[in-house]
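# Working through the structure, step by step
Residues per chain, in single letters:
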Amino acid sequence: MKTTLRPALVLFGALTLVVGVFYPALVTGMGKAAFADAAAGSLIINDGTVVGSRLIGQSFTSPGYFWGRPSATAPVPYNAAGSGGSNQGPLNPALGDAVKGRIAALRAADPGNTAPVPVDLVTASASGLDPEISVAAARYQAGRVAAARTLSRAQIDALVTRHTVGRTLGVFGEPRVNVLALNLALDQTSR
């Protein structure tokens, strides 16, 4: 037994060091060297204070702010520890009821807006943490935000355009707007 136990323990110790210490340290170091901002959480700092991350959405409910996609994390919205989809399929009655409720809330917040509601304003993303909305979703909310902030619609549209990010590598995804960055720009404009 001693002849097999000692080599097994040595191998276990060696693999623990390689796979549990050296490899993670190497990958973390390479990540920090190649992608320093992302490895540090892609934090957004405003006036010396961390106000959020470009990678995780935040809940905005005031009419003077753009609202992001609904969060699928419960009971706390945009909780990164609870990341995951709602697992509700398109035929699930609970999803239909949630979407109807979200449409009603959007209509109540801006009764004069009769435009079709963009789907990303009423459905959660796969992670439930999406920090971005489509350009159509931002434009849909522009009138409400302009009225609440007593700014012109042209000013709001210009901010949306300035904060629109194109397709990744010019091919992947759709143009989008980071909600936190846009709302911070709104706060700067309103000062």
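Preceding this section is the structure that the text describes.
To start, this report covers the structure provided alongside it. Since this is a predicted model, take the numbers as computed values, not measurements.

Thresholds, definitions, all that
Residues numbered from 1 in each chain as written. Predicted model: local features only at pLDDT ≥ 70, side-chain atom pairs only at ≥ 80, totals over all residues. Heavy atoms only, no water. 1 Å grid on protein atoms, 1.4 Å probe; cavity = no way out; pocket = protein on both sides within 12 Å on 5 of 7 lines; lining within 4 Å. Points joined across faces, edges and corners; volume = space filled by probe spheres on them. Nonpolar A, V, L, I, M, F, W, Y, C, P; charged D, E, K, R; others polar. Salt bridge = Lys/Arg side-chain N within 4 Å of Asp/Glu carboxyl O. Helix = DSSP H or I, 4+ residues; strand = E, 2+ residues; numbered from the N terminus. Core = buried A, V, L, I, M, F, W, Y, C linked by side-chain atoms within 4.5 Å. Buried < 20%, exposed > 50% of the residue type's maximum accessible area, 1.4 Å probe, protein only. Contact = heavy atoms within 4.5 Å. Pairing = 2+ DSSP bridges. Patch = residues over 30% accessible without salt bridge, like charges linked within 9 Å, V, L, I, M, F, W, Y side chains within 5 Å. Areas by Shrake-Rupley, 256 points an atom, 1.4 Å probe, with all protein chains shown as cover. Axes fitted to C-alpha atoms, helices over the stretch in contact; angles between N-to-C directions.

## Points about the layout of surface pockets
- Taken as a whole, the largest pocket spans an internal volume of roughly 260 Å³.
- Taken together, 14 residues make up the lining of the largest pocket; nearest its centre are Phe60, Trp67, Gly68, Pro70 and Leu121.
- Each residue belonging to the lining of the largest pocket can be placed in one class, and the counts come to 7 nonpolar, 5 polar and 2 charged.

## Comments concerning the pattern of salt bridges
- If you walk through the whole model with that rule in mind, you get 7 salt bridges.
- When the shortest N-O distance is used, the salt bridge between Arg54 and Asp37 registers 2.1 Å. Here Arg54 is found in the loop between β2 (49-53) and α3 (93-109), whereas its partner Asp37 is found in helix α2 (residues 36-39), with 17 residues between them in sequence.

## Quick look at the nonpolar core
- Counting 28 residues, the largest nonpolar core has Phe66, Leu106, Leu121, Ile133, Ile156 and Leu186 as the members making the most contacts within it.
- Mapped by element, the contributors of at least two residues to this core are α3, α4 (135-149), α5 (153-162) and α6 (179-190).
- Those residues in contact with Leu106, other than ones at most four positions away along the chain, are Trp67, Val117, Leu121, Val122 and Tyr140.

## So, the pairing of strand β1 (residues 43-46)
- Here β1 runs beside β2; their pairing, made up of 4 bridges, is antiparallel. Paired with Ile44 across the strands is Gly52, a residue of β2.
- Between β1 and β2, which follow one another and run antiparallel, lie 2 residues, and Asp47 among them has a positive phi close to 55°.

## Some points on the side chain of Arg176
- Along the chain, the position of Arg176 falls in strand β5 (residues 176-178).
- Residues contacting Arg176, with those up to four places away along its chain left out, are Glu132, Ile133, Val135, His163, Thr164, Val165, Gly166, Arg167 and Thr168.

## Considerations on the environment of Leu91
- Along the polypeptide, Leu91 turns up in the loop between β2 and α3.
- Owing to a relative accessible area of 82%, Leu91 belongs among the exposed residues under this scheme.
- For the pair Leu91 and Arg102, spaced 11 residues apart in sequence, the C-alpha separation works out to 17 Å.

## With respect to empty space enclosed by the protein
- The tally for this structure, following the rule as stated, stands at 1 cavity of 30 Å³ or more.
- Classifying every residue of the lining of the largest cavity gives 5 nonpolar, 3 polar and 1 charged.

## Comments concerning a nonpolar patch on the surface
- There is a patch of nonpolar side chains on the surface, built from Leu11, Leu15, Leu17, Val18, Val19, Val21 and Phe22 and spanning about 650 Å² of accessible area.
- Assessed through its relative accessible area of 44%, Leu17 is described here as partly exposed.

## Quick look at the sheet that holds β5
- Spatially, β3-β5-β4 is the arrangement adopted by the 3 strands of the open sheet, whose pairing is antiparallel. If you trace the sheet from one side to the other, it starts and ends with β3 (132-134) and β4 (164-165), each paired once.
- Where β4 meets β5, 2 bridges bridge the pair, whose relative direction is antiparallel. Along β5, the bridge assignment pairs Val165 with Arg176.
- Packing against the sheet, α4 makes contact with β3, β4 and β5, and its axis sits at approximately 85° to β3.

## Quick notes on the environment of Val165
- Mapping Val165 onto the fold places it in strand β4.
- Judged by its relative accessible area of 40%, Val165 is partly exposed.
- Along the primary structure Val165 and Glu132 are separated by 33 residues, whereas in three dimensions their C-alpha atoms are 9.8 Å apart.
- The contact partners of Val165, leaving out residues within four places of it in the chain, are Glu174, Pro175 and Arg176.

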